[in-house]
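# Examining the three-dimensional arrangement
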Amino acid sequence: MHELSIMQSVLESLSEEVKNRGGGRITEVTLSVGQASGVNTEALEFAFEALRPSSLLNNAQLTILTPPLLARCEDCGHEFEPPELSLACPQCGGTGLVLSGRELLIERFVLEQED
Ligand SMILES: [Zn+2]
């Protein structure tokens, strides 16, 4: 399962961050999963539930944002949401560069210091 390994690497980077900040407890995590990233957010939530009991996310609240695919035309600068796999600019027919929508990143997380 693809999403399980994604969630595992998210966990790894989070525990690295927690270590760098001198420990604590994560209470909230927000992930940004682009609509064109190929990741199934339901499966990702399932993976989160499966992994959390034995992890530092045990008490964390998960939020998943799904930004749409967004591209900017190299020729005229027009920004648009490309349908499916076509990146042609609807305004001039030029080539669009993907700005967002394929990302998978940790948007933010809240760390609570333990006493
Ligand atoms: Zn254009």
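Conventions used here
- Position numbers for residues count from 1 along each chain, tracking the sequence in the order it is written.
- In keeping with the model being predicted, local features are shown solely for residues with a pLDDT of at least 70 and side-chain atom pairs are shown and tallied solely at 80 or more, while totals for entire chains, interfaces and linings include all residues.
- Side-chain calculation: all heavy atoms of the structure are included, whereas hydrogens and water are not.
- Secondary structure is summarised from DSSP: a helix means a run of H or I of at least four residues, a strand means a run of E of at least two, and numbering begins at the N terminus for each.
- The atom set for the radius of gyration is the C-alpha atoms, and the globule formula is 2.2 Å times the number of residues raised to the power 0.38.
- For each residue, the accessible area found with a 1.4 Å probe, counting protein chains only, is set against the maximum for its type, and the residue is called buried under 20%, exposed over 50%, and partly exposed in between.
- Surface exposure here means Shrake-Rupley accessible area, sampled with a 1.4 Å probe, where a residue is shielded only by the protein chains that are shown.
- Distances decide who is a donor: an N, O or S atom must be within 2.8 Å of the metal, or within 3.2 Å for Na, K and Ca. Water is not included, so sites may look incomplete.
- In short, tetrahedral needs four donors with all angles between 85 and 135 degrees, square planar needs four and octahedral six donors with opposite donors over 155 degrees apart and all other angles between 65 and 115, and whatever is left is irregular.
- Between any two strands, at least two bridges found by DSSP are needed for them to pair.
- The axes used here are C-alpha line fits, helices contributing only the stretch in contact, and every angle between their N-to-C directions lies in the interval 0 to 180 degrees.
- In these notes the angle categories are as follows: under 35 degrees is roughly parallel, over 145 is roughly antiparallel, 65 to 115 is roughly perpendicular, and the rest is oblique.
- Crossing handedness: left-handed means the near helix sits turned counterclockwise from the far one by under a right angle, and right-handed means the same turn made clockwise.
- Residue contacts follow a heavy-atom distance rule, with two residues in contact if any of their heavy atoms lie within 4.5 Å.
- Gly is put with the polar residues, along with every residue not named as nonpolar or charged; the nonpolar set is Ala, Val, Leu, Ile, Met, Phe, Trp, Tyr, Cys and Pro, and the charged set is Asp, Glu, Lys and Arg.
- UniProt positions are given in the numbering used here, feature names are shortened, and annotations may be inferred rather than shown by experiment.

Another aspect to go through is the overall build of the protein chain. From N to C terminus, the protein chain includes two helices and six strands. Taken over C-alpha atoms, the radius of gyration comes to 18 Å for the protein chain, far larger than the 13 Å a tight globule of 115 residues would show. The principal-axis extent of the C-alpha atoms belonging to the protein chain is close to 60 × 30 × 15 Å. Counting over 115 residues, the protein chain shows a buried share of 34%. On the protein chain, roughly 7000 Å² of surface is accessible, and the fraction owed to carbon and sulfur atoms is 46%.

On to the coordination of the zinc ion, then. Protein coordination at the zinc ion comes from Cys73 (SG), Cys76 (SG), Cys89 (SG) and Cys92 (SG), with a distance range of 2.3 to 2.4 Å. Each of the four donor atoms around the zinc ion contributes to a set of angles spanning 101 to 115°, which defines the coordination as tetrahedral. Linear spacing of the donor residues for the zinc ion on their chain is C-x2-C-x12-C-x2-C. Of the two residues, Cys73 is situated in strand S3 (residues 70–73) and Cys92 in the loop between strand S4 (79–80) and strand S5 (96–100); the sequence distance between them amounts to 19 residues.

It is worth spelling out the sheet that holds S4 at this point. One open sheet holds the three strands; their spatial order is S4-S3-S5, and the pairing between them is antiparallel. Each edge of the open sheet is held by one strand with a lone partner, namely S4 and S5.

To continue, consider the packing of helix H1 (residues 2–20) against helix H2 (residues 41–51). Where H1 contacts H2, the two axes come as close as 8 Å, and the packing angle between them is 55°. The angle between H1 and H2 falls in the class oblique. Crossing of H1 over H2 shows right-handed handedness. Taking contact as the criterion, the partners of Glu3, Leu4, Ile6, Met7, Gln8 and Leu11 in H1 are, on H2, Ala43, Leu44, Ala47, Phe48 and Leu51. Across the contact of H1 with H2, the residue classes tally to nine nonpolar, one polar and one charged.

Our next topic: the UniProt feature "binding site: Zn(2+)" (unreviewed entry) in the protein chain. Following the UniProt record, the feature "binding site: Zn(2+)" (unreviewed entry) maps to Cys73, Cys76, Cys89 and Cys92 here. Across 20 residues of sequence, these annotated residues stay compact in space, with a maximum C-alpha separation of 8.6 Å. Cys73 gets classed as buried once you look at its relative accessible area, which sits at 3%. Aside from chain neighbours lying at most four places away, what touches Cys73 is His78, Phe80, Cys89, Cys92, Gly94, Thr95 and Gly96. Turning to its location among the elements, Cys89 is positioned in the loop between S4 and S5. Exposure remark for Cys89: the relative accessible area of 4% places this residue in the buried category. Not counting residues up to four positions away in its chain, the partners in contact with Cys89 are Cys73, Cys76, His78, Phe80 and Gly94.

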